[in-house]
Amino acid sequence: AKRWGRADAVLRELEERCAAPPARLRQVADAMAVEMHAGLASEGGSKLKMIISYVDALPSGEEKGVFYALDLGGTNFRVLRVQLGGKEGRVIKQEHDEISIPPHLITGGSNELFDFIASSLAKFVASEGEDFHLAEGRQRELGFTFSFPVKQTSIASGTLINWTKGFSIDETVGEDVVTELTKALERQGLDMKVTALINDTIGTLAGGRYDDNDVIAAVILGTGTNAAYVERANAIPKWHDLLPKSGDMVINMEWGNFRSSHLPLTEFDQALDAESLDPGEQVYEKLISGMYLGEIVRRVLLKMAEEASLFGDEVPPKLKIPFIIRTPYMSMMHCDRSPDLKTVGAKLKDILGVQSTSLKTRRLVVDVCDIVAKRAARLAAAGIHGILKKLGRDVPNTDKQRTVITVDGGLYEHYTIFAECVESTLRDMLGEEVSSTIVIKLAKDGSGIGAALLAAAHSQYR
Ligand code: ADP
Ligand code: MG
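Residues numbered from 1 in each chain as written. Chains lettered and ligands numbered in written order. Predicted model: local features only at pLDDT ≥ 70, side-chain atom pairs only at ≥ 80, totals over all residues.

1. Describing the overall build of the chain
- For the chain, the helix and strand inventory stands at 15 helices and 13 strands.
- A compact globule built from 462 residues should have a C-alpha radius of gyration of about 23 Å, and the chain, at 24 Å, falls within 12% of that.
- Here the C-alpha coordinates of the chain stretch approximately 80 × 55 × 40 Å along the principal axes.
- Here the chain, with 462 residues, has 46% of them falling under the buried criterion. (Helix = DSSP H or I, 4+ residues; strand = E, 2+ residues; numbered from the N terminus. Rg over C-alpha atoms; globule rule 2.2 N^0.38 Å. Buried ≥ 20, exposed ≤ 12 C-beta atoms within 10 Å, placed from the backbone.)

Following this line, the structure appears as structure tokens:
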């Protein structure tokens, strides 16, 4: 009885510390909007980098012709081609291929990596069939999705700041990745021009806009989290160049790095951050994204195991291994609808090697998942509300203009309780009248086709 009391006390304290009631969410949304302003005002003016993407035209639907895309951001890269048929024809045909990168290439030389990519692309281009029609005298054009930190210098150039995700090729750091790719394409004898360099968030925004003209922002909720949106160029004080013809500029917020004193942080979050590879950075991402949610749950369960013998007299040794509870497992346990929580029991056995658990223990595990997932979802909703606020779309408008936010990422796509909580929280924050004009839409094939569409929207022949 005494140990249940202790376990319940840990749970209650967690619940209190994670609480994100409406008033607090409003503060978070306000802080997001304030930081957006600050990040647009000056370079380094905010934790939010608010990176100018140089994407000043999103796809209109009028795009015509063959376009290619290359997506590099993990251990696989994807190549894709589309035949676009303008307003009537839309996407006439689309083909793609996924190629895994030999592990020795991600820590080798720059030319070796880019030569491998270029030769894979050349093979893909060689397989282009009769139903793709490149207009007479035109060069093939490519959109390059490169999801690593880049200092963008124009729509089709940017220097690599540093590699992440296990890539480590010193030679490439500080180089223009489009130049590197273009030189490799030339070495392959492939006549192709890179007309857009983007990241996955901007690709998602472009794909969303192509499908629905009312899309104004894209949010990624996957392993990590980020957002991009369409800003008026004259509302960007740090932009000193000529105003783009469209009057618009897509901003890559890098919102994972958002932080605010209003974010509900616990001892578990603080420890996770302190032991992470980037302490003090990506604070918002560490509360929200798929990479971390299961790990927060693990830390809470470890405390309950140590202080309240949640899994018996001994703490299961596996529970001490960081990141052993992956977020997909957390979501399977959380969504268990069986009366005796069978799935929870089975997962605890699979993941932690705990042979048997009482129903009361399994219930506590579900409660912990619920608190951690709902805090994340509510904070994500507050972030979206912040964007709407910045754009003045959080108040009733007379012409009932629709506002659409496209969301991509495995966390949102597969974790139903999480996704539903994002939507219901946003509805509550906005009230009935405004939320009837706001739509959250799951992206179809977010970034892949988006890069090809942006290659078209920024074509040299436009
Ligand atoms: P990435 O963000 O790396 O581009 P995805 O968008 O496919 O990749 O998202 C993958 C992430 O989504 C995983 O790291 C995991 O955190 C989360 N995820 C995938 N499936 C589930 C699931 N069933 N429940 C909860 N989270 C999931
Ligand atoms: Mg992704």
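2. Quick word on the site of ligand 1
- What surrounds ligand 1 is a group of 13 residues, the closest being Gly222, Gly290, Ser331, Gly410 and His414.
- Residue classes in the shell around ligand 1 are distributed as 4 nonpolar, 9 polar and no charged. (Near = placed C-beta within 6 Å. Nonpolar A, V, L, I, M, F, W, Y, C, P; charged D, E, K, R; others polar.)

3. Notes on the UniProt feature "domain: Hexokinase N-terminal" (unreviewed entry) in the chain
- Here the UniProt-annotated "domain: Hexokinase N-terminal" (unreviewed entry) positions come out as residues 11-210.
- Helix makes up 36% of residues 11-210 and strand 27%, and the two end C-alpha atoms of the span are 46 Å apart. (UniProt positions renumbered as here; feature names shortened; annotations may be inferred.)

4. Some words on the environment of threonine 75
- Structurally, the position occupied by threonine 75 is in the loop between strand S2 (64-72) and strand S3 (76-85).
- Between the C-alpha atom of threonine 75 and that of lysine 441, which follows or precedes it by 366 residues, the distance is 27 Å.
- If we skip the residues at most four places from it in the chain, threonine 75 touches Ser100 and Ile101. (Contact = placed C-beta atoms within 7 Å.)

5. Here we look at the sheet that holds strand S8 (residues 192-198)
- Overall, mixed pairing links the 5 strands, which are arranged S4-S3-S2-S5-S8 in an open sheet. Of all strands in the sheet, those bounded by a partner on one side alone are strand S4 (91-100) and S8. Across the sheet, the mean angle from the axis of one strand to that of its neighbour is 20°, orientation sign disregarded.
- With 9 bridges joining them, S2 and S3 adopt antiparallel strand pairing. Within S3, the residue paired with tyrosine 68 across the bridge is arginine 81. (Pairing = 2+ DSSP bridges. Axes fitted to C-alpha atoms, helices over the stretch in contact; angles between N-to-C directions.)

6. A few points about the sheet that holds strand S9 (residues 215-221)
- Pairing is mixed in the open sheet, where 6 strands are placed in the order S1-S11-S10-S9-S12-S13. One side of each edge strand has no neighbouring strand; the edge strands of this open sheet are strand S1 (51-52) and strand S13 (438-442).
- Where helix H6 (residues 200-211) meets the sheet, its contacts fall on S9, strand S10 (225-232), strand S11 (248-252), strand S12 (403-408) and S13, and the angle it forms with S9 comes to roughly 135°.

7. Side note on the packing of helix H10 (residues 327-334) against helix H11 (residues 342-352)
- It is the contact of H10 with H11, at a shortest axis distance of 8 Å, that shows an interaxial angle of 155°. Considered as vectors, H10 and H11 are oriented roughly antiparallel to each other. Seen along the crossing, H10 lies across H11 with a hand that is left-handed. Residues Tyr329, Met332 and Met333 of H10 lie in contact with H11, whose contacting residues are Thr343, Val344, Lys347 and Ile351.
- A class-by-class count of the residues in the contact of H10 with H11 yields 5 nonpolar, 1 polar and 1 charged. (Parallel < 35°, antiparallel > 145°, perpendicular 65-115°, else oblique. Left-handed = near helix turned anticlockwise from the far one by under 90°.)

8. Considerations on unusual backbone geometry
- Look at tyrosine 54: it is not a glycine, yet its phi comes out positive at around 70°.
- With respect to the helices and strands, the residue tyrosine 54 is situated in the loop between S1 and S2.
- The buried category is assigned to tyrosine 54, around which 21 C-beta atoms lie within 10 Å.

9. Comments concerning the pairing of S10
- Burial analysis of S10 places 6 of its 8 residues in the buried class, which makes it a mostly covered element.
- For S9 and S10, the ladder comprises 5 bridges, and the chain directions are antiparallel. Note that in S10 the partner of isoleucine 220 across the bridge is asparagine 226.
- When S10 meets S11, the two strands line up antiparallel, connected through 5 bridges.

10. Here's the deal with helix H14 (residues 416-435)
- Over its 20 residues, H14 extends only 20 Å from the first C-alpha to the last, a length that falls short of the 28 Å expected when each residue adds 1.5 Å.
- The axis of H14 is deflected most strongly, by about 75°, at methionine 429.
- Of the surrounding elements, those touching the buried residues of H14 are helix H2 (22-41), helix H12 (359-390), helix H13 (410-414) and S13. (Expected span 1.5 Å × (residues − 1). Bend = angle between axes of the 7 residues up to and from the residue.)

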